[in-house]
Amino acid sequence: MNELLANRVKTLSPSATLAITAKAKELKEQGIDVIGLGAGEPDFNTPQNILDAALDSMNQGFTKYTPAGGLPALKKAIIDKLLRDNNLEYKQNEIIVGIGAKHVLYTLFQVILNEGDEVIIPIPYWVSYPEQVKLAGGVPVYIESDAEQNFKITPAQLRDAITDKTKAVIINSPSNPSGMVYTREELIELAAVAVEKDILIVSDEIYEKLLYNGVEHYSIAETSEEVKARTIVVNGVAKSHSMTGWRIGYAAGNAAIINAMTDLASHSTSNPTTTSQYATIEAYNGSQDSVEKMRQAFESRLEVIYPKLSAIPGFKVLKPQGAFYLLPDVSEAAAKTGFNSVDDFATALLTEANVAVIPGSGFGVPNTIRLSYATSLDLLEEAVRRMDNYVKSKWQD
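Definitions and limits used
- Residues numbered from 1 in each chain as written.
- Predicted model: local features only at pLDDT ≥ 70, side-chain atom pairs only at ≥ 80, totals over all residues.
- Heavy atoms only, no water.
- UniProt positions renumbered as here; feature names shortened; annotations may be inferred.
- Buried < 20%, exposed > 50% of the residue type's maximum accessible area, 1.4 Å probe, protein only.
- Helix = DSSP H or I, 4+ residues; strand = E, 2+ residues; numbered from the N terminus.
- Pairing = 2+ DSSP bridges.
- Right-handed = clockwise from strand over helix to strand, strands pointing away.
- 1 Å grid on protein atoms, 1.4 Å probe; cavity = no way out; pocket = protein on both sides within 12 Å on 5 of 7 lines; lining within 4 Å.
- Points joined across faces, edges and corners; volume = space filled by probe spheres on them.
- Domains from an automatic or database assignment.

- As named in an unreviewed UniProt entry, the protein chain is Aminotransferase, taken from Lysinibacillus antri.
- Its UniProt record gives the protein chain a comment under Cofactor (unreviewed entry), which states: "pyridoxal 5'-phosphate".
- Of the protein chain, the UniProt comment under Sequence similarities (unreviewed entry) reads exactly: "Belongs to the class-I pyridoxal-phosphate-dependent aminotransferase family."

This is the structure in structure tokens:
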């Protein structure tokens, strides 16, 4: 029956994060005490003021269609946020609201890529970047980075990767899965290459509010007007306001690109969920105290769990600066416990140690696993204890 499928989906890889989460859930339903460190979502409920605003909007009858690109009031809230937080000025026709940042990215690639266009993707990368590029007819071009360069690419690497087919480069800071953050100086240097080579910049800033130990976030679009003109900023409230299930993201950038994205959305989604849009207006216009409280909680967990994870034999961990992930190199641990690959090691951690982690192969770094610390400290400490005991019990010199 494979002939029934379009060619574009025949090579599509399922999301590694969603797959491991589903497997962990299946084991839990069987009564197995699995600790899940896979899903990329905060463990806090959406703040009460946002919940109240959503309910109020429904009670007022705001339950009908909205403009395809989002409510004008929400676009204004996003414009105000970008000016307040990022010193970036946009107009209403330079903003589109979509059904989560993931779908915004999907729509963006659909409207900017022609068959064979190349998109540069730094490694490690979020699992959906390559698949979305391929679905739009594009070609992912990867740039390797590693812990020695803090999982960040250099201007020289970017310049070497650009060809006459290059359409865009993706910059994700703070990064999923590494948690590393580009400095303003690093962004200026990367932007200079993009300007020189006349390519677009896709700046995924969904984790911008989750920063630790005094690290600051900068949008590459802030660096100059020339850079801003070729940058599409993608963001949303999923991670910052614990609103993953509300599915609201947005893009800000060139009016022609935003208009094309809006036209495509009008034929694919009609509009983002109305109630979620009203909730997001409150998320950006209301108190930001809950955002900071959640950030502090993640930072506290990181400070406790990072040294414990680093102490597991065969785990080499670069301390993240943002997001809520750890990306340890566990290749030695896998080899010393009798596994031929880290993927097999990750499966054993799930089925034998009852800890669900994401194999790094889904992020382009097959020597690693990704762990989310978006769960309670008690569960995090127990998960590390289980992994530590498992590795030590299987270790073979």
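Having put the structure on the table, let's press on.
What to know about the pairing of strand S5 (residues 166-172)
Thinking step 1. The buried fraction of S5 amounts to six of the seven residues, a majority that puts the element mostly inside the structure.
Thinking step 2. Where S5 lies against strand S6 (residues 200-204), five bridges are found, and the strand directions are parallel. From the neighbouring strand, Ile171 faces S6, where its bridge partner is Ser203.
Thinking step 3. With helix H8 (residues 184-197) bridging S5 and its parallel neighbour S6, the resulting β-α-β unit is right-handed.

Quick word on the UniProt feature "domain: Aminotransferase class I/classII large" (unreviewed entry) in the protein chain
Thinking step 1. Those places that UniProt annotates as "domain: Aminotransferase class I/classII large" (unreviewed entry) correspond, in this numbering, to residues 33-386.
Thinking step 2. Annotated as 42% helix and 14% strand, the span residues 33-386 places its first and last C-alpha atoms 12 Å apart.

As for the layout of surface pockets
Left-over empty space is what a probe sized like a water molecule reveals as it rolls over the atoms.
Thinking step 1. The space that makes up the largest pocket amounts to roughly 570 Å³.
Thinking step 2. Lining the largest pocket are 26 residues, and of these Gly40, Lys102, Trp126, Lys239 and Arg247 sit closest to its centre.
Thinking step 3. When residues of the lining of the largest pocket are traced back to their parent elements, those giving at least two are helix H2 (16-29), helix H5 (100-112) and helix H6 (128-135).
Thinking step 4. Per-element tally for the lining of the largest pocket: the top contributor is H5, with four residues.
Thinking step 5. Each of domain 1 (2-45 + 289-391) and domain 2 (62-286) contributes no fewer than three residues to the lining of the largest pocket.

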